Amino acid sequence: MTTTTTSMNSNTLGTLGVQALKDMDRSRLERGKMLDRAGYGPQQTPSTVLHTEPGLRLRRFGPDASDGPAVLLVPAPIKRAYIWDLTPEVSVVRRWLERGYRVYQAEWVPVHDTGDGADEGAAQVAAEGAAQRAEFGLADYGDRLLSACQKAIEADSGESRLVIAGHSLGGVLAAIYSCMHPERVAATILLESPLHFEPATCCFNRLVQATPHARDIADSFNHVPGAFLNMMSAIAEPHAFQWERIMDRTLSMFDPVALSTHMRVERWTHDEFPMPGRLFTDIVESLYRNDDFMQGRLVINGRSIGPQDLRAPLASVVDPRSKVIPLQAVVPFNQAAASPHKLVLEYEGDIGVNLQHVGVLVGRNAHARIWPAIFAWLETTAK
């Protein structure tokens, strides 16, 4: 009976829901462009693209002549990377530049192009390539592609070691890279990054346990639409992904600066792209369902890793109010890490950030308090 039900659910998703969700992605992108035209697009720092390959662009920000230490910023592999560089006032990129760092960013780009509009032969080749890239998983994003970034950064800067900083699932990728290549990492900074998944505290646990193996879902889509990921997030934690956003907009109405940031984040929330099916499967099964990373059994390119493999200085930022990334998802990993220099900072939120989960990147309190504390800690540890 269970097998029949699961099969029916997968078939229903495949026949009725897949195209609708992909169409929803396109309509969301169009709404984002409307917000652009209304003046709510990002105001980004000038940058140079140093390296490109399927799924990745590596950017360098600021002047070529900088001789400071290198930092690699790692966004989550769902929406666009400019949330780190939204406006000059709330740009994490600019905060690093102001401190004299050479600033690089791994910019994840869509890997799902199927060659629409090309001739039949070219379309077939493109479709085969897209299917292959749907198999990009945690090993690709957390090791292979970040290693390509490191190689390009070393060629550009002469620096063989770097600071790596990641937000949300981008922090998971940064942590994987730090575990795999401790000799290349001067310090690791994880911003509201989920690394431990206790059933009692993970808001996604009931949803994960109630669904079939993530591979079944991924196979229905090939590349899992952003609209599907948004829908699952809203079901798992409606307070954070719906009601908090409404309240933030209401409170921002009395503060023009806060309202402007809120609307720019709103524009960013519509700027998403599908997640490769293999990456979706790895995240749901290896992380959320099985907690493999915290337990020291996450297999990346044939090697099992866990917090005991993270030996660089480690700073973790957590929002103690969050149900999306609760304290229990962050602090135990920090405590279990092998690093001799550790820091845990509590971010207490902002008005005007739309989603509190991105407040550490775009919130005025975060820029006034959290980032100065991170830089002060780096000055004494990342040598």
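Rules of the game
Residues numbered from 1 in each chain as written. Predicted model: local features only at pLDDT ≥ 70, side-chain atom pairs only at ≥ 80, totals over all residues. Heavy atoms only, no water. Helix = DSSP H or I, 4+ residues; strand = E, 2+ residues; numbered from the N terminus. Polar contact = N/O pair within 3.5 Å; in protein donor to acceptor, adjacent residues only side chain to side chain. Salt bridge = Lys/Arg side-chain N within 4 Å of Asp/Glu carboxyl O. Pairing = 2+ DSSP bridges. Axes fitted to C-alpha atoms, helices over the stretch in contact; angles between N-to-C directions. Contact = heavy atoms within 4.5 Å. Buried < 20%, exposed > 50% of the residue type's maximum accessible area, 1.4 Å probe, protein only. 1 Å grid on protein atoms, 1.4 Å probe; cavity = no way out; pocket = protein on both sides within 12 Å on 5 of 7 lines; lining within 4 Å. Points joined across faces, edges and corners; volume = space filled by probe spheres on them.

A. Summary view of the environment of aspartate 255. Here aspartate 255 shows up in the loop between helix H9 (238-252) and helix H10 (256-269). Among the polar contacts made by the side chain of aspartate 255, one reaches the main-chain amide nitrogen of valine 257 at a distance of 3.1 Å. For aspartate 255, the side chain forms a polar contact with the side chain of arginine 364, separated by 2.7 Å.

B. Region of interest: the pattern of salt bridges. In total, this model carries 26 salt bridges according to the counting rule given. A salt bridge links aspartate 23 to arginine 26; its shortest N-O distance comes to 2.3 Å. Taken together, the positions of aspartate 23 and arginine 26, both in helix H1 (residues 2-40) and 3 residues apart, correspond to about one turn of that helix. Of the charged contacts, one joins glutamate 98 and arginine 95 as a salt bridge, the two residues approaching to 3.0 Å between their closest N and O atoms. Taken together, the positions of glutamate 98 and arginine 95, both in helix H2 (residues 92-98) and 3 residues apart, correspond to about one turn of that helix. Residues joined in a network through salt bridges with shared partners are Glu135, Arg215, Asp219, Arg278 and Asp282.

C. Structural detail: the sheet that holds strand E6 (residues 185-191). Spatially, the 8 strands line up as an open sheet ordered E1-E2-E4-E3-E5-E6-E11-E12, and their pairing is mixed. Only two strands of the sheet have a single neighbouring strand rather than two, namely strand E1 (47-53) and strand E12 (342-346). The average angle at which neighbouring strand axes cross in this sheet is 20 degrees, direction not considered. Against the sheet, helix H12 (residues 327-336) touches strand E11 (314-318) and E12, its axis set at about 165 degrees to E12. Those strands touched by helix H14 (residues 364-381) are strand E5 (162-167), E6, E11 and E12, and its axis lies near 160 degrees from that of E6.

D. The arrangement of helix H11 (residues 277-289) in detail. With respect to burial, H11 is a largely interior element, 11 of its 13 residues being buried. Within the sequence span of H11, burial applies to Gly277, Leu279, Phe280, Thr281, Asp282, Ile283, Val284, Glu285, Ser286, Leu287 and Tyr288. Taken from the residues just after H11, aspartate 291 is the one with a positive phi, measuring 55 degrees.

E. Highlighting the layout of surface pockets. The volume enclosed by the largest pocket comes to roughly 970 Å³. Around the largest pocket, the lining comprises 43 residues; the ones closest to its centre are Ile78, Phe204, Leu229, Ser233 and Phe241. Elements with a contribution of two residues or more to the lining of the largest pocket: helix H6 (205-210), helix H7 (214-221), helix H8 (226-236), H9, H10 and H11.

F. Representation of the pairing of strand E4 (residues 102-108) within the structure. Where burial is concerned, most of E4 is hidden: 7 out of the 7 residues are buried. In E4, alternate side chains face the same way, and those of Arg102, Tyr104, Ala106 and Trp108 on one face and Val103, Gln105 and Glu107 on the other are all buried. With 6 bridges joining them, strand E2 (residues 56-61) and E4 adopt antiparallel strand pairing. For arginine 59, the partnering residue across the bridge sits in E4 and is glutamine 105. Looking at chain direction, strand E3 (residues 70-74) and E4 are connected through 4 bridges and run parallel.

G. Representation of the side chain of serine 178 in the model. For serine 178, the position within the fold is in helix H5 (residues 169-180). Overall, the relative accessible area of 1% leaves serine 178 in the buried class. Other than its neighbours up to four places away in sequence, serine 178 contacts Ile164, Val185, Thr188, Asp309 and Leu310.

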